[in-house]
Amino acid sequence: MSAVRGILDFVYYAQYQSHTEDTLQKMDDALKLFHQNKAVFVDLGHRTHFNRPKIHSMVHYTTSIRLFGSADGFNTELPERLHIDLAKRAYRASNKRDYVVQMTKWLRRQESLHLQDLFLTWHQHSLTPDSDNGGDPDDAPSESDSDSENEAAIDAPIPTLHTDVSMHQLNRFIMINKIRSYYLPSSCPLPNTPVSQVQERHQVPLFIQSLEGYL
């Protein structure tokens, strides 16, 4: 009962909209009471251990409240969203065997594509004549215009790839970015193609150097 009372007191104290040093001290005391008596759940066979991130994070509650304010202004939406992007989608992209290695490789490729996308966006912006903000302020797009352009970009049809890949092969691709139309092939669409032909067709003279750096 002491362990249950300690954890319940801690939860109720953590929900306060404002705190004093007295309430924060009571939070620490309640958490200490829980840790002193939690072994009863292991002895009764209900738990084997308490090595959980949420249990550990409770140690930092009072410090975080002192630094950033009461806990009612925070939520777990960010780590839950990251769990979807970094775990669930990566697992679905694997063949469910030795998935840790495949998930790691998939995430590394996603990061590489993201960095390349940022670089291309920056490079394209640097080539724009009016990128130095020296233009007429009246010619600057308004917020409503930007929203309309973003909606149009999202609703726009996916551009086709300028290659000799057949539609059957194109359907086997995995779409990464709908707007910019990046694809990762599940199998090589152009086998036995000379590197010189790839460099000429796609205008990538630094293909070999970039591939060696990536690998």
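Analysis parameters
- Residues numbered from 1 in each chain as written.
- Predicted model: local features only at pLDDT ≥ 70, side-chain atom pairs only at ≥ 80, totals over all residues.
- Heavy atoms only, no water.
- Salt bridge = Lys/Arg side-chain N within 4 Å of Asp/Glu carboxyl O.
- Helix = DSSP H or I, 4+ residues; strand = E, 2+ residues; numbered from the N terminus.
- Buried < 20%, exposed > 50% of the residue type's maximum accessible area, 1.4 Å probe, protein only.
- Expected span 1.5 Å × (residues − 1).
- Bend = angle between axes of the 7 residues up to and from the residue.
- pLDDT = per-residue confidence, 0-100.
- Contact = heavy atoms within 4.5 Å.
- Core = buried A, V, L, I, M, F, W, Y, C linked by side-chain atoms within 4.5 Å.
- Axes fitted to C-alpha atoms, helices over the stretch in contact; angles between N-to-C directions.
- Parallel < 35°, antiparallel > 145°, perpendicular 65-115°, else oblique.
- Left-handed = near helix turned anticlockwise from the far one by under 90°.
- Phe/Tyr/Trp six-rings, centres within 6.5 Å; stacked < 30°, edge-to-face > 60°.

A.B. asks: Let's hear about the pattern of salt bridges: which residues, and what values?
C.D. replies: Taken as a whole, this structure holds two salt bridges when the rule is applied. In this structure, the salt-bridge partner of R66 is E21, at a minimum N-O distance of 3.0 Å. A residue pair is termed long-range when its members are at least 10 positions apart, and R66 in helix α5 (residues 61–68) and E21 in helix α2 (residues 21–37) qualify at 45 residues. With relative accessibility at 42%, the residue R66 sits in the partly exposed group.

A.B. asks: Summarise helix α6 (residues 77–92); cite the residues concerned and give the values.
C.D. replies: Between the first and last C-alpha of α6 there are 21 Å, a value that for 16 residues agrees with the 22 Å anticipated at 1.5 Å per step. The largest bend in α6 amounts to roughly 30 degrees and is located at I84.

A.B. asks: Give a detailed account of unusual backbone geometry, specifying residues and quantitative values.
C.D. replies: You will see that K96, though not glycine, has its phi angle at about 70 degrees, which is positive. We note that D98 has phi near 50 degrees; this positive angle belongs to a residue other than glycine. For D98, the location among the structural elements is in the loop between α6 and α7 (99–126).

A.B. asks: Could you give me a rundown of the confidence of the model for the chain, with the residues and numbers involved?
C.D. replies: When the pLDDT values of the chain are averaged, the result is 75; 72% of them are 70 or greater. Taken element by element, the chain is modelled with least confidence in strand β1 (residues 173–177), mean pLDDT 43, and with most confidence in α2, mean pLDDT 92. Ignoring residues within four places in sequence, the model shows residues 152–179, a span with pLDDT below 50, making 36 contacts including any to other chains.

A.B. asks: Outline the nonpolar core, supporting the account with residue identities and numerical values.
C.D. replies: Ranked by internal contacts, the top residues of the largest apolar core, which has 13 residues, are F10, L24, M27, L31, F34, M58 and I65. Looking at this core, the element that brings in the most residues is α2, giving five residues. What I65 contacts, discounting residues up to four positions off in sequence, is H19, L24, M27, S70 and A71.

A.B. asks: Explain the packing of helix α1 (residues 2–14) against α2 to me, and be specific about the residues and the numbers.
C.D. replies: It is at 7 Å that the axes of α1 and α2 come closest, and there the two elements cross at 150 degrees. Classed by the angle they form, the pair α1 and α2 counts as roughly antiparallel. α2 is crossed by α1, and the crossing has left-handed handedness. Between α1 and α2, the contacting residues are S2, A3, R5, G6, I7, D9, F10, Y13 and A14 on the first element and K26, M27, A30, L31, L33, F34 and N37 on the second.

A.B. asks: Tell me what's going on with the packing of aromatic side chains, and back it up with residues and numbers.
C.D. replies: The relative placement of two aromatic rings is captured by the distance of their centres and the angle of their planes. According to the stated counting rule, one finds six aromatic pairs in the structure shown. With centroids separated by 5.6 Å and ring planes inclined at 70 degrees, the aromatic side chains of Y13 and Y16 adopt a geometry described as edge-to-face. A residue is classified by how much of its surface remains accessible, and Y16, at 34% relative accessible area, is partly exposed. Centre to centre, the rings of F34 and F50 are 6.0 Å apart; their planes meet at 90 degrees, and the pair counts as edge-to-face. Of this pair, F34 sits in helix α2 while F50 sits in the loop between α3 (39–43) and α4 (53–57); the two residues are 16 residues apart in sequence, bridging distant segments of the chain. Each member of the pair, F34 as well as F50, carries the same accessibility label: buried.

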